Every structure is written in C-alpha cells, then in structure tokens.
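Inside the fold
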Protein chains: 2
Amino acid sequence: MDAEVQATPTTPTVREAGEFAVVAAVTARLPQSALVLLGPGDDAAVVRAPDGRVVVTTDVLVEGVHFRRDWSSALEVGRKAAAQNLADVAAMGAVPTSVVVGLAAPADLPVAWAESLADGLRTECAVVSVSVVGGDMTRAGQVVISVTALGDLEGRDPVTRSGARPGDLVVVAGRLGRSAAGLALHLRGDAGLLQRHAELAAAHRVPAPPYAAGPALARAGASALLDTSDGLLQDLGHVARGSGVRLELDAAALEDDVRALAACAEELGEDPWAWVLGGGEDHALAGCVPAGTALPPGVRVVGRVVAGSPEVVVPGVARPGSTGWDSYR
Amino acid sequence: MDAEVQATPTTPTVREAGEFAVVAAVTARLPQSALVLLGPGDDAAVVRAPDGRVVVTTDVLVEGVHFRRDWSSALEVGRKAAAQNLADVAAMGAVPTSVVVGLAAPADLPVAWAESLADGLRTECAVVSVSVVGGDMTRAGQVVISVTALGDLEGRDPVTRSGARPGDLVVVAGRLGRSAAGLALHLRGDAGLLQRHAELAAAHRVPAPPYAAGPALARAGASALLDTSDGLLQDLGHVARGSGVRLELDAAALEDDVRALAACAEELGEDPWAWVLGGGEDHALAGCVPAGTALPPGVRVVGRVVAGSPEVVVPGVARPGSTGWDSYR
C-alpha cells in the first residue's frame, strides 16, 4: 500500500491549482478508446451504443464509508470505484463501453491524489478496454466519488434476477470472502498481520471482478445473474425472491473459498464462513443456469434451484450473524 | 420555498428506515418512460439508444456548495440536479433519454427529504419526458447528489464548442443573470427582499433551461453550442478558444436581460451587468449559427463571430470583476 499522498510545494492542492487546471491534468491521463466518438472537454461525451440500447449503472463511494485514504492509495480507490460499476454492467451480461466520474473533494486535496485516482480509474477500465469519457469535479467536506458505467448487450436480453427456474444450477464466478477478510485485517491495523496476509488485504482495497464471465454466462444462457456486492447470501436472496424459487447452496462447493481464508480467520479468531457467505465487495458474479449448460471458464456450480419458499439455504452451515450490507447500519 | 423537512415520529430518518426501505420508497415515486427497457431494481438499467450512440454527462451537487437545505426544498434541489444535467445533453444538440442518480447523505436525513428529492428529479425529468432509471444511496457527512444524464443525437452530429466560424452569429436561448440575482438575494437573507423579488430567488433554486432549443439549434445547423453553467462570458470563452475565433457581443441585445434585473440590482447595490455576463446556473444555451439561419423559437442573436484573437468582448460594457465559477475559489 502506498503512503498517503501529501500536498507539498511540488504537489499543490486542488485549491492552489484551480478547478480547470486539475481537470486538465486529470483529463490528460485518460486516453480514449475506439468506442468514444467525443471524449472529455465538452458539455457531454458521445459513445457508441452498438445494439441500440445502453446499460447504465451508478455507484457512489464515500471516504470513511467505502474507503480510507490512510488504508488505500488513490490508485487503489480509483480501481475499486471503476471495478464495482464495471461489475454491475457485467452482471447484466453486458460488456462495458465507458465510464463517467464525479469527484467531490476538500480544497486541500493534493492534485497528485486526483491524478493517481485518474490513473486507477484508467487502469481498471483498461482491463475491459474502455475509458473514462467525462466527469465533474467540485468541493466537499470529504472525498466522494461517483461513477457511472455504460455497457452494451451485444444483441442479447439483459440477464436479470427473476429468471431462475427449479432445476437450474446456482453458479459463481470469482472468489468469495476475500474482501471481507481484508477489511477485518485493516480494521485490526496490525502491520505484521497485514504483511502476513498481504494478498487478502489487497483484495479489500482492489477487487478483481470476473468481468468476462458476465457476458460469457449470458451467451451460455444464464437464467439469472448479479454482482455479489452486498454478500453472497444477501444478493442471491434477490434472485430467490425475484424468481420465486429456493436456492440450496452446497457447502462442499464453497469449501475451497473457506479454506483459502482459514489461516487468516484463525489468526483473527473469526469465522471464515461468515466472510464467504456474508462478505460483499469481492464483486464475484452469482446466478443460475439451466442444468446441462456448458460452463464458461472460471464459473463453478455452488448449488441448485428448487421449488419452495423464496430463500437461500446452506444445509450444514450455521448461519453467520451478519448476512450483508446496509449503508446506514 | 417550503420549510425544511424535519425528521419526526411520522417521518423517520434513513437510518431508522434502512437503506433498502428508503430505496424502495424512492423508487416507487419514479414512473418509467417508454424509452426504458429495464428500470430500477437490478444491477443496472437498460435504456433505448435509438441512433446507436449515446450522449453522457455527469454533475455533482454538494450541500453548502451548490445548495442549502435551509434555502431550497428537497423538491427544488431535485429539480436543479436534474436540470443542470439535462441542459448539458441539450447543449450537445441531443434529446435526453434517461437519468441515474447517486445520493450520499447523513444517516439522520429524513426519509421524507429523500422522497421529495425523488419527486423533484421526476418533475424536472418529466419536462423532457424522461425518467430516473436507476441510482445508488449511501451514507456521507453532507448531502451529495450525483446525476448522470443520457441522450440521443437523433442521427445528427453533436454540436461542440469548436465549430464557430467568422461570419457566424452568436445566439442565446434562455434568460441570463437571474440565478446570480437570486443567489445575491438569498445571501442577504432578508425576508422582505426575498418576497419582493420572489421570482428571481426562485430562479436560483430551480433553473428553467431552454431544453428544446438545443436540438432545435442543432437541426437549424448551429456551428457551436454550450450550456452557460459557469457564466456567459466564461462559457463563450470556451467557444472562442475551441473555435479560434473572436466573439463580439452586442450590449444592446442584452439590455432586456439587464433591465429585468435592474430593480433588484439597485435595491442590493449590485451591477446587473455582472449578473448577466458572469452569473452561471441559469443554464441558458449559447452558441453560434451561420448568418441567415432561421432561428428556432426562443433563440435570439446577441453578437457576431469575427476573425481575431480568441476572446469574448462586449464593446461599451465595463468588464465585471468576476466572470465565472471555479469550484475551489
């Protein structure tokens, strides 16, 4: 983790540089993809929408709520801000096409922090070959980053939360519980712990959503799909209620996720199952496919869909206390 | 202006209601337009993009910077938040198609405030027959509202800031200086003043951008167009530099705007020309058209484009001290 960027005579604050200079400096770090017909600098950008529809999603990240500047570098915050929105596009079965960003920040924010944030946004967007096409910058008491991502469905129907049917399999792409473990590590604030479990700590600061699995599952005929931003059980609960079905997860299929967290959990005295079932922010994708579907790379079966009351159960695993995220609790 | 909404036993706070209940209450107030293929409630929305391209713009409004809860009702804040983004879409010569909204707010925000904000967003979106198709809600120390608006170019080229040519006319749609006058009135905080000039005070709280003039000017062949969100002189400066031309405004053509503010300016001891030339947030549209263009309704000529150093001049008018907005100064 980088040290926090401090304002110095050679790295002025945004107040000293002025809004227009900062916007220019940030924009210069944002190359434009072939999908962009008109990039930053006008009242609005213009982006291709090849199939005549556009997928759109927005998320807000707040300093002290979603990230801390003493835990995460600006580059990491930028990557995370982009990742969680790009994952939402993938969770519709779409491919991302562009991102716009709003940054509200205190006037004493170092310009270098804003520039590194732009680098992080660019880096994560580059994973899916898109670019930041526009934005806005203004003053606030704390850093607030709003990202809106657009996507293209390539002619397919969006994969919603309501299409799961009894007989389908429950599938997951991406790893589970790692961000929650990393958060627990950062909350302890012990340098030795953070060093021993550096990969998990990093997974909290920068998630690695399985973007390609979204459109791949859509092509394979997925009946439901979503981003597990609030935790596997809570998010699959939306599928259960949306589709009117019962999801039975197979504890054995999640053992690998639990095992990968076991050493860290033991050292912290925490329950790795709570992280795997209740931890959000890994931005794994979860959903359902008809039985017999050829699974795309990186997608694994974790349960099955049955008729019954719309809920998610994991036979054999004690229900963790916290099963998800409420921004106000 | 409505009194500020207070939390009471019958209007709980967002902490008391919980994130999901508030999102549900807000979403229920947002009917969906025919352009929307999939509305709020999934990972992302899906909206029509008829011409295979999408116009996208984003703006962030911060409590204490862009609005005050003791000046503006939640409904007014919602209208303003939508208006400034919809105006940016119109300023490309496009028609708006949808809006997404992020709301970060203290946990003690009354649910009723969030609901009224949604009503305001819906009301302003309805002016251009679009809807709020998605959003995000989270906790923050002050109210921060991020709006992203999408639009459709109906097969036309976007109207940028760089197409003005010597011989063109400078045009404006919408009124100028009213929001700045209203801000000055609110800053005095005198109830009698606010009552005597209620229309101007309201113009600061809720702008009335001339949305239809944007696509109408594009159809008429406008060579440049923008939203005067930072003030007429500052924004037309972008056209001058972007197009490499000199803009000569005709003071006589702006006399009506000045006259409409004269009584208020005299009472406050301020210069109405500073409001008309330097005041932003009316979201009037300004741009250039070739000489001889048939002007759409509501569009007036305010000057001409000549060869010369890229700047904006108003012969006969002393330059006001402040000529625009910098978020950090």
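Because the structure is predicted, anything quoted here is derived from the model rather than measured. (Residues numbered from 1 in each chain as written. Chains lettered and ligands numbered in written order. Predicted model: local features only at pLDDT ≥ 70, side-chain atom pairs only at ≥ 80, totals over all residues. Heavy atoms only, no water.)

The positions UniProt marks with the feature "domain: PurM-like N-terminal" (unreviewed entry) are residues 41-151 of chain A. Here residues 41-151 of chain A is 31% helix and 37% strand, with 22 Å between the C-alpha atoms at its ends. (UniProt positions renumbered as here; feature names shortened; annotations may be inferred. Helix = DSSP H or I, 4+ residues; strand = E, 2+ residues; numbered from the N terminus.)

A few words now on helix H2 (residues 19-27) of chain A. Residues Glu 19, Val 22 and Val 26 of chain A constitute the buried set of H2 of chain A. The buried residues of H2 of chain A all sit within an arc of 70° when viewed along its axis, so they share a single face. (Buried < 20%, exposed > 50% of the residue type's maximum accessible area, 1.4 Å probe, protein only. Arc of directions from axis to C-beta.)

To continue, consider the packing of aromatic side chains. Residue and element names in this part refer to chain A. The final tally for this structure, using the stated rule, is 2 aromatic pairs over all chains. Between Phe 67 and Trp 113, the ring centres sit 6.5 Å apart and the planes meet at 25°, which makes this aromatic pair stacked. Here the residue Phe 67 occupies a position in the loop between strand E3 (53-62) and helix H3 (74-90), and Trp 113 occupies one in helix H4 (residues 111-127), the gap between them amounting to 46 residues. Exposure remark for Phe 67: the relative accessible area of 6% places this residue in the buried category. The ring of Trp 113 has Arg 69 lying over it, and the distance from NZ or CZ to the ring centre is 5.7 Å. (Phe/Tyr/Trp six-rings, centres within 6.5 Å; stacked < 30°, edge-to-face > 60°. Lys NZ or Arg CZ within 6 Å of the ring centre and 35° of its normal.)

Now for helix H5 (residues 178-188) of chain B. Residue and element names in this part refer to chain B. Counted residue by residue, H5 has 8 buried out of 11 residues, so it is predominantly covered. By the burial criterion, the buried members of H5 are Arg 178, Ser 179, Ala 180, Ala 181, Gly 182, Ala 184, Leu 185 and His 186. Of the surrounding secondary structure, the elements contacted by the buried residues of H5 are helix H6 (191-196), helix H7 (198-205), helix H10 (255-268) and helix H11 (272-278). Just downstream of H5, Gly 189 is the residue with a positive phi angle, here 70°. (Contact = heavy atoms within 4.5 Å.)

This next bit is on unusual backbone geometry. All names here are of chain A. One non-glycine residue, Glu 154, adopts positive backbone phi at about 50°. Relative to the assigned elements, Glu 154 resides in the loop between strand E6 (144-152) and strand E7 (169-173). Residue class for Glu 154 comes out partly exposed when judged on its relative accessible area of 40%.

Moving on, we get to the relation of the copies chain B and chain A. Copy one and copy two of the chain differ by a rotation about a common axis and a shift along it. Overlaying chain B on chain A yields an RMSD of 0.0 Å, the required transformation being a rotation through 180° with an accompanying axial translation of 0.0 Å. The superposition operator between the copies reduces to a two-fold rotation axis. When each C-alpha of chain B is compared by its distance to the rotation axis, Gly 52 of chain B comes out closest, at 2.4 Å. An overlap of 100% is found between the interface residues of chain B and their copies at the interface of chain A, pointing to a shared contact surface. (Least-squares fit on C-alpha atoms with pLDDT ≥ 70 in both.)

Moving on: the interface of chain B and chain A. Contacts between chain B and chain A engage 71 residues on the former and 71 residues on the latter. Summing both partners gives a buried area of about 5300 Å² for chain B against chain A, and 57% of it is carried by carbon and sulfur. Viewed at the interface, chain A and chain B are joined by 4 salt bridges. In this structure, Arg 161 of chain A engages Asp 43 of chain B in a salt bridge whose closest nitrogen and oxygen atoms are separated by 3.2 Å. Considering every element that reaches the side of chain B that touches chain A, the biggest residue donor is strand E3 (residues 53-62) of chain B, with 9 residues. Inspection of the sheet shows E3 of chain A paired to strand E2 (residues 45-48) of chain B by 4 bridges, in the antiparallel sense. The residue bridging Val 54 of chain A from the neighbouring strand is Val 47 of chain B, located in E2 of chain B. (Buried area = accessible area lost by both parts, 1.4 Å probe. Salt bridge = Lys/Arg side-chain N within 4 Å of Asp/Glu carboxyl O. Pairing = 2+ DSSP bridges.)

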